[in-house]
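Chain by chain, the residues run as shown.
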Amino acid sequence: MPGLLRGVARTAAVAGTATAVSNRVSRRQAGRWAQQDYDQQQQQAPPPPAAPPAPAPASASASASDDMSHRIDQLKQLTDLKAQGVLTGEEFESQKRRLLA
């Protein structure tokens, strides 16, 4: 009887592991297919409009902390645009360099 229980336990462990691995592979493959579909849609979509230039500071007397806060907000917006796929990595880096210059 102990040998039978040991065999059943081993079979259950192997089956559980196989199921977990199979599910993970399926999720990963579905993610790849979704990414491929997204990439194909992006290639077929018209190019996004160019990002508008950042507004110039209202006055030269603006404090340094306000300017830094404004730049941080703009960087966050650029990051969001890149995450949404509106900006490519190259456009993002170009805009980021311009902001930090």
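Residues numbered from 1 in each chain as written. Predicted model: local features only at pLDDT ≥ 70, side-chain atom pairs only at ≥ 80, totals over all residues. Heavy atoms only, no water.

Engineer: What is the right way to read the overall build of the protein chain from this model?
Structural biologist: A count of helices and strands for the protein chain gives three helices and zero strands. Starting at the N terminus and ending at the C terminus, the protein chain contains elements arranged as α-α-α. Counting every position in the protein chain, which comprises 101 residues, the buried fraction comes to 6%. (Helix = DSSP H or I, 4+ residues; strand = E, 2+ residues; numbered from the N terminus. Buried < 20%, exposed > 50% of the residue type's maximum accessible area, 1.4 Å probe, protein only.)

Engineer: I keep staring at the pattern of salt bridges and nothing clicks. Help me out?
Structural biologist: Pairing is possible between side chains of opposite charge, provided their charged atoms come close. One pass over the full model with this rule turns up one salt bridge. One salt bridge in this structure joins E93 and K96, with 3.5 Å as the shortest N-O distance. Remark: K96 and E93 occur in helix α3 (residues 89-100); sequence separation between them is three residues, near one turn of the helix. (Salt bridge = Lys/Arg side-chain N within 4 Å of Asp/Glu carboxyl O.)

Engineer: Would you mind showing me how to read a positive patch on the surface here?
Structural biologist: Together, R24, R27, R28 and R32 line one region of the surface with positive charge. Tracing the backbone through its elements, the reader meets R27 in helix α1 (residues 2-44). (Patch = residues over 30% accessible without salt bridge, like charges linked within 9 Å, V, L, I, M, F, W, Y side chains within 5 Å. Areas by Shrake-Rupley, 256 points an atom, 1.4 Å probe, with all protein chains shown as cover. Lys, Arg positive; Asp, Glu negative; His and termini not counted. Charge placed at Lys NZ, Arg CZ, Asp CG, Glu CD.)

Engineer: Hey, could you run me through the confidence of the model for the protein chain in this one?
Structural biologist: Reading fine detail from the predicted coordinates is not recommended where pLDDT is low. Across the protein chain, the average pLDDT comes to 78, with 80% of residues at 70 or higher. Within the protein chain, α1 has the poorest average pLDDT of any element, 81, and α3 the best, 85. (pLDDT = per-residue confidence, 0-100.)

Engineer: Could you clarify how one ought to interpret α3 in this entry?
Structural biologist: Residue pairs spaced three or four apart in an α-helix point in one direction, given the helix's 3.6 residues per turn. The terminal C-alpha atoms of α3 lie 16 Å apart, and with 12 residues this matches the ideal 16 Å at 1.5 Å per residue to within 8%. Looking at α3, one finds that the buried residues are F92, Q95 and L99. All buried residues of α3 fall inside an arc of 70° around its axis, so they share one side. Away from its buried face by more than 90 degrees, α3 exposes E90 and R97. Each element contacted by the buried residues of α3 is listed here: α2 (64-84). (Expected span 1.5 Å × (residues − 1). Arc of directions from axis to C-beta. Contact = heavy atoms within 4.5 Å.)

Engineer: How should I be thinking about the packing of α2 against α3 in this particular structure?
Structural biologist: It is at 10 Å that the axes of α2 and α3 come closest, and there the two elements cross at 175°. Here α3 runs roughly antiparallel to α2, going by the angle between their axes. Of α3, the residues touching α2 (which contributes R71, Q74, L75, L78, T79 and K82) are G89, F92, Q95, K96, L99 and L100. (Axes fitted to C-alpha atoms, helices over the stretch in contact; angles between N-to-C directions. Parallel < 35°, antiparallel > 145°, perpendicular 65-115°, else oblique.)

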